[in-house]
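Descriptive analysis of the structure
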Amino acid sequence: MGLWHLNTVAPCLEYIDQGSCVPPPGPALWGPLGLTYNGQLITCPKHYRQSTNWVSNFFYEPGNDRIIAHIVLNTTYWPGWDVQRYEFNAEDGAWCNREEALARLAWIGIWGAAYTQKATMGSFNKIYACRNNETKIREVMWEYAEPATNGWWVDPYTWNPKSIYGYAVVNRIDNLLAAAANWTLDCWRNISTTPERFAQLRLPNVLNYLAYESRNYCWVITQDGVICKADYQIPRWEMISTVQNPEADALKYFITYDTRRKRVVVFRQRPDAEDGACQHQLEFYYPMVKAGQLTQPVPVTSLKAGNRIILAANLIGDAGEGVTPYTVAGELLSPVEGRLVTPFSGTELNGRVCFQYQAPDHACTETLGLKVTVEES
């Protein structure tokens, strides 16, 4: 399985434009422009009143069918910072609340952004997050990232072993939790009764975000743009891929999963342009099977003259997983002495194909050639 890049929206948002810049050394704290914080934001050639400090949360909100980002900004206006909620159309990535955000009316408050980070959708289409000021994993409000009134919560610090997490996906239906704090994805069951950590998956690199897909699957993205899909019920890794054109100057990557359209959405945080313009972008990917290699056929029954011999090969993806459904065609290459009983075979769930060859009554050497057609869409 791999990720098929659908489209990119770049830039996906804007900052408030000052309209003009101030020559170096920049504006004074008190001056003709009034009270000015972070004067470097409008020192020539820069002329925008905002800049990204950090991205607190990035998730799909199914109730409104929108992609949500909570972003903490450095600003030139009082008190020198701001926290805005940015809403994007999940269909095409269009910025839905542009006028509201540029008018500073999408403010969510510093406590939600500072204390609630790495929020993601989970069971019952609710939003869940780890909290920086406590050890609990809570249901939070998508608008403000504050704990939901009478909302669901668990505290892994009371479990055995005691655990404090920064990332978590919640499956309340099956009583499961997949969570991470460092280099492992911990899988827990019976989280509402007697929690038990039943497995751990080693992460490929430093984790930057974790996203819920379903009762079985979750997605992770690392700081260098590697994307993995995990089955946290089995558990095992299902796929490894990467963002399109990873850039050395990309600051961070964030991931969510659009459960309506069954696709991955990545927020790439990029440095501001030379004039201070925002360069963040949204990237849309569709998970799909990508055949990477067709192995050579090998006999799985004894090679004896006059016998019917079974040969097997595997069609595997770029992450080493079996690929299905594909039809693999076989052909005996000249000179031919025996008979190929099955000239084609469909791949099984593990990508295996089997061919039957009827050997002649005397010793001989045969060559079986295989081919498969993979169409790029």
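Residues numbered from 1 in each chain as written. Predicted model: local features only at pLDDT ≥ 70, side-chain atom pairs only at ≥ 80, totals over all residues. Heavy atoms only, no water.

What follows covers the overall build of the protein. Regarding its fold elements, the protein presents two helices and 29 strands. Whereas a compact globule of 377 residues would reach a radius of gyration of roughly 21 Å, the protein reaches 27 Å, over 25% beyond that. On the principal axes, the C-alpha backbone points of the protein span a range of 100 × 55 × 30 Å. Relative to its 377 residues, the protein shows a buried fraction of 49%. If you take every contact in the protein between residues at least 6 apart in sequence, the share linking residues at least 24 apart comes to 50%. On the protein, roughly 17700 Å² of surface is accessible, and the fraction owed to carbon and sulfur atoms is 49%. (Helix = DSSP H or I, 4+ residues; strand = E, 2+ residues; numbered from the N terminus. Rg over C-alpha atoms; globule rule 2.2 N^0.38 Å. Buried < 20%, exposed > 50% of the residue type's maximum accessible area, 1.4 Å probe, protein only. Contact = heavy atoms within 4.5 Å. Areas by Shrake-Rupley, 256 points an atom, 1.4 Å probe, with all protein chains shown as cover.)

Moving on: the state of the cysteines. Enumeration according to the criterion identifies one disulfide in this entry. At a sulfur-sulfur separation of 2.0 Å, the disulfide partner of cysteine 21 is cysteine 44. Across the disulfide from cysteine 21 to cysteine 44, rotation about the S-S bond amounts to roughly 85°, and the bridge is consequently right-handed. Taken together, the positions of cysteine 21 in the loop between β1 (2-9) and β2 (30-31) and cysteine 44 in the loop between β3 (34-35) and β4 (50-61) put the pair 23 residues apart, joining distant regions of the chain. On the accessibility criterion, cysteine 21 (30% relative accessible area) is partly exposed. Take cysteine 96: it sits in no disulfide, and the sulfur closest to it among the cysteines is that of cysteine 12, at 12 Å. (Disulfide = S-S within 2.5 Å.)

Our next topic: the side chain of threonine 256. The topology assignment puts threonine 256 in strand β19 (residues 252-258). Of the polar contacts made by the side chain of threonine 256, one reaches the backbone nitrogen of tyrosine 60; its length is 2.9 Å. Apart from the residues within four sequence positions on either side, threonine 256 is in contact with Phe58, Phe59, Tyr60, Ile67, Ala211, Arg263, Val264 and Val265. (Polar contact = N/O pair within 3.5 Å; in protein donor to acceptor, adjacent residues only side chain to side chain.)

Let us now look at the sheet that holds strand β27 (residues 344-346). Strand order in the open sheet made by the three strands is β27-β25-β29, with antiparallel pairing throughout. Both outer strands of the open sheet, β27 and β29 (367-371), are each paired with one neighbouring strand and no more. The average undirected angle you get between the axes of adjacent strands in this sheet is 25°. In this structure, strand β25 (residues 327-333) lies alongside β29, joined through five bridges in antiparallel fashion. Within β29, the position partnered with leucine 332 by the bridge is leucine 368. (Pairing = 2+ DSSP bridges. Axes fitted to C-alpha atoms, helices over the stretch in contact; angles between N-to-C directions.)

Of note, leucine 201 is situated in strand β14 (residues 196-202). Put simply, leucine 201 and aspartate 186 are 15 residues apart on the chain and 6.6 Å apart in space, counted from C-alpha to C-alpha. With residues up to four places along the chain from it excluded, the contact list for leucine 201 reads Trp183, Thr184, Leu185, Ala230, Pro235, Arg236 and Trp237.

Below, the discussion takes up the sheet that holds strand β17 (residues 226-231). The strand order across the open sheet formed by four strands is β15-β16-β17-β18, and the pairing between neighbours is antiparallel. In the strand order of this sheet, the two ends are held by β15 (207-212) and β18 (236-242), each with one partner. Going across the sheet, the axis of each strand differs from the next one's by a mean of 20°, ignoring polarity. Note that β15 and strand β16 (residues 217-222) share five bridges and pair antiparallel. Its bridge partner lying in β16, alanine 211 is registered against tryptophan 219.

So, about the packing of aromatic side chains. Counted according to the given criterion, the structure contains eight aromatic pairs. Seen in terms of ring centroids, tyrosine 128 and tryptophan 152 are 5.5 Å apart; in terms of plane orientation they differ by 90°. Their pairing is edge-to-face. Taken together, the residues tyrosine 128 in strand β8 (residues 127-131) and tryptophan 152 in the loop between β9 (137-140) and β10 (153-154) connect sequence positions 24 residues apart. In this pair, the class of tyrosine 128 matches that of tryptophan 152, namely buried. Arranged with centres 6.1 Å apart and planes meeting at 65°, the rings of phenylalanine 254 and phenylalanine 267 form a pair that is edge-to-face. Of this pair, phenylalanine 254 sits in strand β19 while phenylalanine 267 sits in strand β20 (residues 263-269), placing them 13 residues apart in sequence. Residue class for phenylalanine 254 comes out buried when judged on its relative accessible area of 2%. Among the aromatic residues, ring-to-ring pairing joins Phe58, Tyr209, Phe254 and Phe267 into one connected group. Positioned above the aromatic ring of tryptophan 153 is the side chain of lysine 136, whose terminal nitrogen or guanidinium carbon lies 4.9 Å from the ring centre. Positioned above the aromatic ring of tyrosine 157 is the side chain of lysine 162, whose terminal nitrogen or guanidinium carbon lies 4.9 Å from the ring centre. (Phe/Tyr/Trp six-rings, centres within 6.5 Å; stacked < 30°, edge-to-face > 60°. Lys NZ or Arg CZ within 6 Å of the ring centre and 35° of its normal.)

It is worth spelling out the pattern of salt bridges at this point. A complete count under the given rule lists 20 salt bridges for this structure. The shortest N-O distance in the salt bridge between arginine 263 and aspartate 258 comes to 4.0 Å. With a closest N to O distance of 3.1 Å, arginine 352 and glutamate 348 form a salt bridge. On the basis of relative accessibility, which here comes to 34%, the residue arginine 352 falls in the partly exposed class. If you follow the salt bridges from partner to partner, you end up with Asp65, Glu91, Asp258, Arg260, Arg261 and Arg263 in one network. (Salt bridge = Lys/Arg side-chain N within 4 Å of Asp/Glu carboxyl O.)

Let us look at the side chain of serine 241. With respect to the helices and strands, the residue serine 241 is situated in strand β18. Assessed through its relative accessible area of 19%, serine 241 is described here as buried. If we skip the residues at most four places from it in the chain, serine 241 touches Leu3, Gly225, Val226 and Ile227.

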